[in-house]
Amino acid sequence: MPARVIIDPDLCIGSAECNRLAPEAFRLDEDLGVSVPLPGAGLIDRERLYDAEAGCPTGAITIGEDVDEAAR
Amino acid sequence: MTITERPTVVLRDHDAIRQALFDPNLSRTFDSRSYHEGNIRDGVVSVSHGAVHRARRRVENSQFRADRLRLYERELFPALLDHLLGVLIEGDTADIFPIGELLSVVLAARRAGLDIDDHDLPTLRDLVHMVDVFSQGSAILDARDPDAVRALVRKTYDAIEARYIRPAWERRARILEATSGGDGAAGEELPHDILTVLLQHRADPALELGDDGRIVREVATYLQGGTHTSAQTLTNAIDLSFGLTDEGRVLIDRAAADLAVAQRVVHETLRLRPTTPKMKRRALAATTIAGVDIPAEALVVLDAANANRDPELFGPDPDAFDPDRRVAPGVARWGLSFGAGPHQCPGRSVAGGFPVGDDLATGEDHLFGLVALMFQAVAKRGPGPDPTRSPERDTRTERETRWAHYPVRFERGASG
């Protein structure tokens, strides 16, 4: 089952650690200075997503079980 | 309530400290004598909190992207290292700490936004002197004579503004004005640095940069942070390696041949000798960390130096200097020395490179960090203790990991 990938934009400080750890799942929006999940982010290797979640310096990323197709 | 009157809570456990570093109720602002308005660090990113801190970091973090760091580490810094070490090391002895400062200040100045000639030693020495003053200011809570430090820091802000920041500011302002007037070519001249992005985004009220002094202090903060810690870490890495005597010589030779070993030396040095051994926070509201109740207005001391020696995480001999040690999965080899949470050191990847996993593997995109490059460049010259001169600690601070002088003797020339 795909993962639900959420970034809290109020917590993100644009360190781009998630982009470094899982570039297929996250990109940095340079205009906003925050990271956003890419389409299909929930489909990549779960361990990489957990690495990004753990590596985020502000705890802005949450990886959970997907229950909503639109959130993938 | 001053900092000395507050109830104090000390956290020593790795996970509790990490939790505290993420807790929005714990702030880096302290009392009116140290960090509030009118004071020497007023409004700088490292002591701001909440929304303004996040807004500032979002803008400033753009200067710490991996592509930029690769440019520094793979192109700019190696050439600079070769040149400056060739000039700075005369004969077979040298004082490592000031050399580390001079090497570090070049890229720190470039990243901060000062337009300097990388090869102009009098300018570099002038900047290092300023960094030394700002470092005393950043450690004001441990200063032996805080009032004297405050006066010196204020005077030095005036000097750095007049000599370096204003000329750089005016140049960038001209380019920004031309760019906004439709001159697309002018935009290509715009430097990539902290001063530039602050000026570009200054109108955003979330950044709270209306006061010119805040921009001066912010640029000075990045100059200081990018210089002092790297030079101290280089010196501590040399000191810890020398402490291993014969094994240390083998380690230095391995680091000379393998940048990954040099990086592990740096990470292990940071673990044992964090630049800020005890981080401090103020509780804006009552909170609970790892089961410990913290009242509002309490001073919270985060003993990173202790947490970095937890045998559960760093093995059965955590006090030993062992760059090849295995650490618990998910734990950084440098422990908590770069902090964590929103205030995690923005220059972590510049100085320390990317984290190294439990398998010690480093891929093609891996960055080793500028301190590892410096350590390797010194290691290639075969350094050993100078039998005629002893190292001297910086006695102006109570932090025992700060050096003023560290003489070494080299066995080999620049070719290694």
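Just above, that's the structure.
About the cut-offs
- Residues numbered from 1 in each chain as written.
- Chains lettered and ligands numbered in written order.
- Predicted model: local features only at pLDDT ≥ 70, side-chain atom pairs only at ≥ 80, totals over all residues.
- Heavy atoms only, no water.
- Helix = DSSP H or I, 4+ residues; strand = E, 2+ residues; numbered from the N terminus.
- Rg over C-alpha atoms; globule rule 2.2 N^0.38 Å.
- Buried < 20%, exposed > 50% of the residue type's maximum accessible area, 1.4 Å probe, protein only.
- Contact = heavy atoms within 4.5 Å.
- Areas by Shrake-Rupley, 256 points an atom, 1.4 Å probe, with all protein chains shown as cover.
- Lys, Arg positive; Asp, Glu negative; His and termini not counted.
- Charge placed at Lys NZ, Arg CZ, Asp CG, Glu CD.
- Pairing = 2+ DSSP bridges.
- Axes fitted to C-alpha atoms, helices over the stretch in contact; angles between N-to-C directions.
- Core = buried A, V, L, I, M, F, W, Y, C linked by side-chain atoms within 4.5 Å.
- Buried area = accessible area lost by both parts, 1.4 Å probe.
- Salt bridge = Lys/Arg side-chain N within 4 Å of Asp/Glu carboxyl O.
- Polar contact = N/O pair within 3.5 Å; in protein donor to acceptor, adjacent residues only side chain to side chain.
- Nonpolar A, V, L, I, M, F, W, Y, C, P; charged D, E, K, R; others polar.

Caption draft 1: Geometry of the overall build of chain B. When its secondary structure is counted, chain B shows 15 helices and eleven strands. The C-alpha atoms of chain B give a radius of gyration of 21 Å, which matches the 22 Å a tight globule of 416 residues would have. By principal-axis analysis of the C-alpha atoms, chain B measures approximately 55 × 55 × 45 Å. Buried residues in chain B amount to 58% of all 416 residues. Looking at chain B alone, contacts between residues at least 24 apart form 71% of all its contacts between residues at least 6 apart. Accessible area for chain B stands at about 17000 Å²; split by element, carbon and sulfur atoms hold 49% of it. Side-chain charges in chain B split into 52 positive and 63 negative, and the spacing between the mean points of these groups amounts to 2 Å.

Caption draft 2: Geometry of the side chain of B:Gln136. With respect to the helices and strands, B:Gln136 occurs in helix H5 (residues 121–138). The residues contacting B:Gln136, other than those within four sequence positions of it, are B:Val149, B:Leu152 and B:Arg396.

Caption draft 3: Region of the structure containing the sheet that holds strand E8 (residues 383–385) of chain B. Residue and element names in this part refer to chain B. One open sheet holds the three strands; their spatial order is E3-E11-E8, and the pairing between them is antiparallel. Two strands bound the open sheet, and with one partner strand each, they are strand E3 (93–95) and E8. The mean angle between the axes of side-by-side strands here comes to 40°, regardless of whether they run parallel or antiparallel. The pairing of E8 with strand E11 (residues 407–410) spans three bridges and is antiparallel. Opposite Pro-385, over in E11, you have Val-408 as the bridge partner.

Caption draft 4: A look at the nonpolar core. Residue and element names in this part refer to chain B. Ranked by size, the top nonpolar core spans 97 residues in total, and within it Phe-77, Leu-114, Leu-127, Ile-160, Leu-223 and Phe-375 carry the most contacts. At eleven residues, the largest contribution of residues to this core is made by helix H9 (residues 212–243). Residues in contact with Ile-160, not counting those within four places in the same chain, are Leu-114, Met-130, Phe-134, Ile-165, Val-216 and Leu-223. In terms of nonpolar packing, the next biggest core, distinct from the first, is built from 18 residues, Val-9, Ile-17, Leu-26 and Ala-340 among them.

Caption draft 5: Focus on helix H2 (residues 50–60) of chain B. A large share of H2(B) lies buried, amounting to eight of its eleven residues. Turning to H2(B), its buried residues number three or more, namely B:Val52, B:His53, B:Ala55, B:Arg56, B:Arg57, B:Arg58, B:Val59 and B:Glu60. Where H2(B) is buried, its residues meet strand E3 (34–37) of chain A together with helix H8 (194–200) and H9 of chain B.

Caption draft 6: Quick peek at the interface of chain A and chain B. The interface is formed by 20 residues belonging to chain A together with 16 residues belonging to chain B. Around 1200 Å² of area is buried between chain A and chain B when both sides are counted, 49% of it from carbon and sulfur atoms. Per-residue buried area on chain A facing chain B is highest for A:Ile13, A:Arg20 and A:Pro57; these three make up 45% of the total on that side. Remark: the boundary between chain A and chain B carries two salt bridges. Scanning the region where chain A abuts chain B turns up nine residue pairs in polar contact (both at pLDDT 80 or more). When grouped by side-chain class, the residues that make up the side of chain A that touches chain B number eleven nonpolar, five polar and four charged.

From the geometry alone we can't say anything about function, so treat these as descriptive.
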